[in-house]
Amino acid sequence: MASTDQGVTSPTRARITERTLRQDRWWLQPLTTFVVFSAFVVYATVRAFMGRDYYASPYLSPFYSPCLGDCVEGASDFGQPFAWWPLSAALIILIFPLGFRMTCYYYRKAYYRAFWLSPPACGVAEPHQSYSGESKLPLVLQNVHRYFWYAAVLVGLVLTFDVVLAFRPMPAEYAVGDGETSGIHMGLGTLLMILNVAFIWLYTLSCHSCRHIVGGRLRHFSQHPVRYRLWTWVSRLNTSHGKWAWYSLFSVAIVDLYIFLLATGTIQDVRFF
Ligand code: FES
């Protein structure tokens, strides 16, 4: 194999002919990531382009929130400034959560390994002959992550508002038994939305950029006790950032699927009170 200046064949790297000396099933994690991410991308793409069955009052799918396009009645709590938009309303806002996740430090590690095999795992040589890290286009654009974080906070606030609205009465078409016209509604959908928004906040607040925003660029923590306190909280959450990334990915899809099944009349909401 010819040596290059960079990558695993560079002259400064150890001369090992085997691709890896690891004996364990190192391929299991990138393979799992590949399968689960691919499944999520296919599901999310289909749902985002469908443009229907995203609202079963009082539940709004997180893929379509805030619903700013020509949305069904009751789904737009922030108006419809993009009512002229000819495609699915999800496509107006998905760039923000999508951009946030695509540029996330954890997801970058995961999909660089699973999709680019760069490298597929620790101690396993990548198939590429050269390596430029994230110093060139297009990967240098990953640096916009910190700006997506601000958008993600706004999205988190909107989804939290959706959870509050999910306690509104549910009409008969989606409910088991008679629908409600007044009072507080609590159904399985409400519970799923609460769990989802909790995972979304854990994921958003455990972000590496969040950690830097609250505690970075300080010379002396002793002079910034509030920021130090916040930084210690975020740092604690940050150790499980990968876990929150997975949990929130699943919870978003599950909430959307549940609302889809309600909206299409396939199931009815399980009502607790
Ligand atoms: Fe993962 Fe910021 S590092 S969301």
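These numbers were taken from a predicted model, which means no experiment stands behind them.

The rules behind the values
- Residues numbered from 1 in each chain as written.
- Predicted model: local features only at pLDDT ≥ 70, side-chain atom pairs only at ≥ 80, totals over all residues.
- Heavy atoms only, no water.
- Patch = residues over 30% accessible without salt bridge, like charges linked within 9 Å, V, L, I, M, F, W, Y side chains within 5 Å.
- Areas by Shrake-Rupley, 256 points an atom, 1.4 Å probe, with all protein chains shown as cover.
- Salt bridge = Lys/Arg side-chain N within 4 Å of Asp/Glu carboxyl O.
- Helix = DSSP H or I, 4+ residues; strand = E, 2+ residues; numbered from the N terminus.
- Buried < 20%, exposed > 50% of the residue type's maximum accessible area, 1.4 Å probe, protein only.
- Axes fitted to C-alpha atoms, helices over the stretch in contact; angles between N-to-C directions.
- Parallel < 35°, antiparallel > 145°, perpendicular 65-115°, else oblique.
- Contact = heavy atoms within 4.5 Å.
- Nonpolar A, V, L, I, M, F, W, Y, C, P; charged D, E, K, R; others polar.
- 1 Å grid on protein atoms, 1.4 Å probe; cavity = no way out; pocket = protein on both sides within 12 Å on 5 of 7 lines; lining within 4 Å.
- Points joined across faces, edges and corners; volume = space filled by probe spheres on them.
- Disulfide = S-S within 2.5 Å.
- Polar contact = N/O pair within 3.5 Å; in protein donor to acceptor, adjacent residues only side chain to side chain.
- Left-handed = near helix turned anticlockwise from the far one by under 90°.
- Phe/Tyr/Trp six-rings, centres within 6.5 Å; stacked < 30°, edge-to-face > 60°.

A. Highlighting a nonpolar patch on the surface. On the surface, Trp-27, Leu-28, Leu-31, Phe-34, Val-35, Phe-115 and Trp-116 cluster together into a nonpolar patch covering about 660 Å² of accessible area. Relative to the helices and strands, Leu-31 is located in helix H1 (residues 28-50). Since its relative accessible area comes to 44%, Leu-31 is described here as partly exposed.

B. Examining the packing of helix H5 (residues 145-165) against helix H7 (residues 208-215) more closely. At their nearest, the axes of H5 and H7 sit 9 Å apart, and the two run at 90° to each other. Relative to H7, H5 is oriented roughly perpendicular. Here H5 contributes His-145, Arg-146, Trp-149 and Tyr-150 to the contact with H7, which in turn contributes Ser-209, Cys-210 and Ile-213. When its residues are assigned to classes, the contact of H5 with H7 shows four nonpolar, two polar and one charged.

C. How the structure looks around empty space enclosed by the protein. Enumeration over the complete set of coordinates arrives at two cavities of 30 Å³ or more. Of the volumes computed, that of the largest cavity is approximately 50 Å³. As for the largest cavity, its lining consists of Leu-60, Pro-62, Leu-159, Asp-162, Val-163, Met-193, Asn-196, Val-197 and Val-255. Breaking the lining of the largest cavity down by element, the ones donating at least two residues are H5 and helix H6 (188-205). Per-class residue counts for the lining of the largest cavity are seven nonpolar, one polar and one charged. The calculated volume of the second largest cavity comes to roughly 40 Å³. Forming the boundary of the second largest cavity are Tyr-55, Pro-58, Leu-60, Gly-74, Ala-75, Asp-77, Asp-162, Leu-165 and Arg-168. Of the residues contributing to the lining of the second largest cavity, the split by class is five nonpolar, one polar and three charged.

D. Inspection of the state of the cysteines at higher detail. Tallying each qualifying case throughout the model produces one disulfide. Looking at the unpaired Cys-122, the closest cysteine sulfur is the one in Cys-104, lying at 17 Å.

E. Seen up close, the side chain of Arg-101. In this fold, Arg-101 is placed in helix H3 (residues 95-102). Of the polar contacts made by the side chain of Arg-101, one reaches the side chain of Tyr-107; its length is 2.7 Å. Engagement of the side chain of Arg-101 in a polar contact is seen with the backbone oxygen of Ala-245, the distance being 3.3 Å.

F. Representation of the packing of H3 against H5. Between H3 and H5, whose axes approach to 9 Å, the crossing angle comes to 135°. The angle between H3 and H5 falls in the class oblique. Read as a crossing pair, H3 and H5 show a hand that is left-handed. In this structure, H3 uses Ile-95, Phe-96, Pro-97, Gly-99 and Phe-100 to contact H5, whose residues at the interface are His-145, Phe-148, Trp-149, Ala-151, Ala-152 and Val-155. When its residues are assigned to classes, the contact of H3 with H5 shows nine nonpolar, two polar and no charged.

G. Main features of the pattern of salt bridges. The tally for this structure, following the rule as stated, stands at four salt bridges. Among the salt bridges present, the one from Arg-22 reaches Asp-24, with a minimum N-O distance of 2.7 Å. Judged by its relative accessible area of 32%, Arg-22 is partly exposed. When the shortest N-O distance is used, the salt bridge between Arg-47 and Asp-256 registers 2.7 Å. With Arg-47 in helix H1 and Asp-256 in helix H9 (residues 241-263), this residue pair connects regions lying 209 residues apart in the sequence.

H. Quick peek at the packing of aromatic side chains. Overall, the coordinates contain 23 aromatic pairs when judged by the stated rule. Where Trp-84 meets Trp-85, the ring centres are 6.1 Å apart and the plane angle is 75°; that geometry is what we call edge-to-face. For Trp-84, a relative accessible area of 59% puts it in the exposed group. You can call Trp-85 partly exposed: its relative accessible area is 25%. Between the aromatic rings of Tyr-228 and Trp-231, the centroid separation amounts to 6.2 Å while the plane-to-plane angle is 25°, which identifies the pairing as stacked. Taken together, the residues span about one helical turn, with Tyr-228 and Trp-231 both in helix H8 (residues 225-238) at a distance of three residues. Residue Tyr-228 is classed as partly exposed on the basis of its relative accessible area of 37%. The class of Trp-231 is partly exposed, set by a relative accessible area of 21%. Ring pairing ties together the aromatic residues Phe-37, Phe-100, Tyr-106, Tyr-107, Tyr-203, Trp-246 and Phe-250, which thus form one cluster.

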